[in-house]
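Observations on the model geometry
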Amino acid sequence: MYIVDLHSVFQEGHSRTEIESGVSELCEEIYEKMAEDETLWVCAPNQYSADGCWPVGMSLAESIRAEVPLVLKNIISIHTGGQSGGDFRPVYEEVLFLVKDKRKYKFDKDAIRVEHVYKGNEWGGERETGLSAYHSTEVRRYNPEGKDPGNLWITEVRDETPNEEVDESLPFDRYEAFRRCIRAGSHKGETIFTVGANGSTESIIDEEGRNHEVLEVDF
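Bear in mind that the values here come from a model prediction, so they are computed numbers and not experimental data.

Section: the nonpolar core
Counting 28 residues, the largest nonpolar core has Leu6, Leu40 and Leu70 as its most contacted members. Those elements that place two or more of their residues in this core are strand 1 (2–5), helix 1 (7–11), helix 2 (16–33), strand 2 (39–45), helix 3 (56–67), strand 6 (92–99) and strand 12 (191–195). In terms of residue count, the dominant contributor to this core is helix 2 (6 residues). Counting residues in hydrophobic clusters, the runner-up holds 19 residues, among them Phe97, Val99, Ala177 and Ile205.

The structure is reproduced here in structure tokens:
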């Protein structure tokens, strides 16, 4: 599995052209090294700069796929809360989930399931099954392993009212987002190759029972 964290790249002030070109070249190198079942996760904070406001995730996805035959399986949005320094600042970042072979890649959704939203009110025998949102088939309404976290990761506060509706949305820790990516996209004992990772990411890799190797890259 590969994780590319571009947080420090943006802090260093690289231009949009430099970043898109550098990331595309890096992904081309990674593609050649990847096994068919491995996954690649590119963490792309949104950016407000002299180049203007640009949607980093989608822009990088387009530039990567123009150069490399990687398959974009999903884009995950993480509400990070942004940084101090004025009204116009990014409050979320995106994670591109890319694979080499869409028929063979590792992805364990059960490893990242979360608690069911309305378990307290609806859990029971009345609504055990329902129609799938994607297919005209009957499925379990509540998976025993938990709820699919979806592709928008936020911290939901639901204990301030009795009906368990969302009372408040708070930022989601970006390093806990990396933990989810690691759990879903790799197995214990696998080596996680990283670009731009810091000590927090390295600690999570160790805690999750994976090995770690740094890829040296110059943008």
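Moving on, there is more to tell.
Observations concerning the pattern of salt bridges
One pass over the full model with this rule turns up 13 salt bridges. Here Glu176 ties to Arg179 by a salt bridge, and the two come within 2.9 Å at their closest N and O atoms. Of this pair, Glu176 and Arg179 both sit in helix 5 (residues 174–185), 3 residues apart, which is roughly one turn of that helix. Connected through salt bridges with shared partners, the residues Glu176, Arg179, Arg183, Glu207 and Glu208 form a single ionic network.

Re the packing of helix 2 against helix 3
Interaxial distance between helix 2 and helix 3 falls to 9 Å at its minimum, and their mutual angle equals 45 degrees. The angle between helix 2 and helix 3 falls in the class oblique. Crossing of helix 2 against helix 3: the hand is right-handed. Across from Arg16, Ile19, Glu20, Val23, Ser24 and Cys27 in helix 2, the residues of helix 3 making contact are Ser59, Leu60, Ser63, Ile64 and Glu67. Here the contact of helix 2 with helix 3 is composed, by residue class, of 5 nonpolar, 3 polar and 3 charged.

A look at the packing of helix 5 against helix 6 (residues 199–207)
Viewed as axis vectors pointing N to C, helix 5 and helix 6 meet at an angle of 35 degrees, and their least axial separation amounts to 10 Å. In the packing of helix 5 onto helix 6, the handedness of the crossing is right-handed. Contact with helix 5, carried on its side by Tyr175, Glu176, Phe178, Arg179 and Ile182, involves Ser200, Thr201, Ile204, Ile205 and Glu207 of helix 6 and no other residues of that element. Residues that form the contact of helix 5 with helix 6 fall into these classes: 5 nonpolar, 2 polar and 3 charged.

Some details on helix 2
Helical geometry: 3.6 residues make up each α-helical turn, so side chains three or four residues apart lie on a common side. Over its 18 residues, helix 2 runs 26 Å from end to end, which matches the ideal 26 Å to within 8%, given 1.5 Å per residue. Ile19, Glu20, Gly22, Val23, Ser24, Leu26, Cys27, Ile30 and Tyr31 are the residues of helix 2 that are buried.

Calculation rules
Residues numbered from 1 in each chain as written. Predicted model: local features only at pLDDT ≥ 70, side-chain atom pairs only at ≥ 80, totals over all residues. Heavy atoms only, no water. Core = buried A, V, L, I, M, F, W, Y, C linked by side-chain atoms within 4.5 Å. Buried < 20%, exposed > 50% of the residue type's maximum accessible area, 1.4 Å probe, protein only. Helix = DSSP H or I, 4+ residues; strand = E, 2+ residues; numbered from the N terminus. Salt bridge = Lys/Arg side-chain N within 4 Å of Asp/Glu carboxyl O. Axes fitted to C-alpha atoms, helices over the stretch in contact; angles between N-to-C directions. Parallel < 35°, antiparallel > 145°, perpendicular 65-115°, else oblique. Left-handed = near helix turned anticlockwise from the far one by under 90°. Contact = heavy atoms within 4.5 Å. Nonpolar A, V, L, I, M, F, W, Y, C, P; charged D, E, K, R; others polar. Expected span 1.5 Å × (residues − 1).

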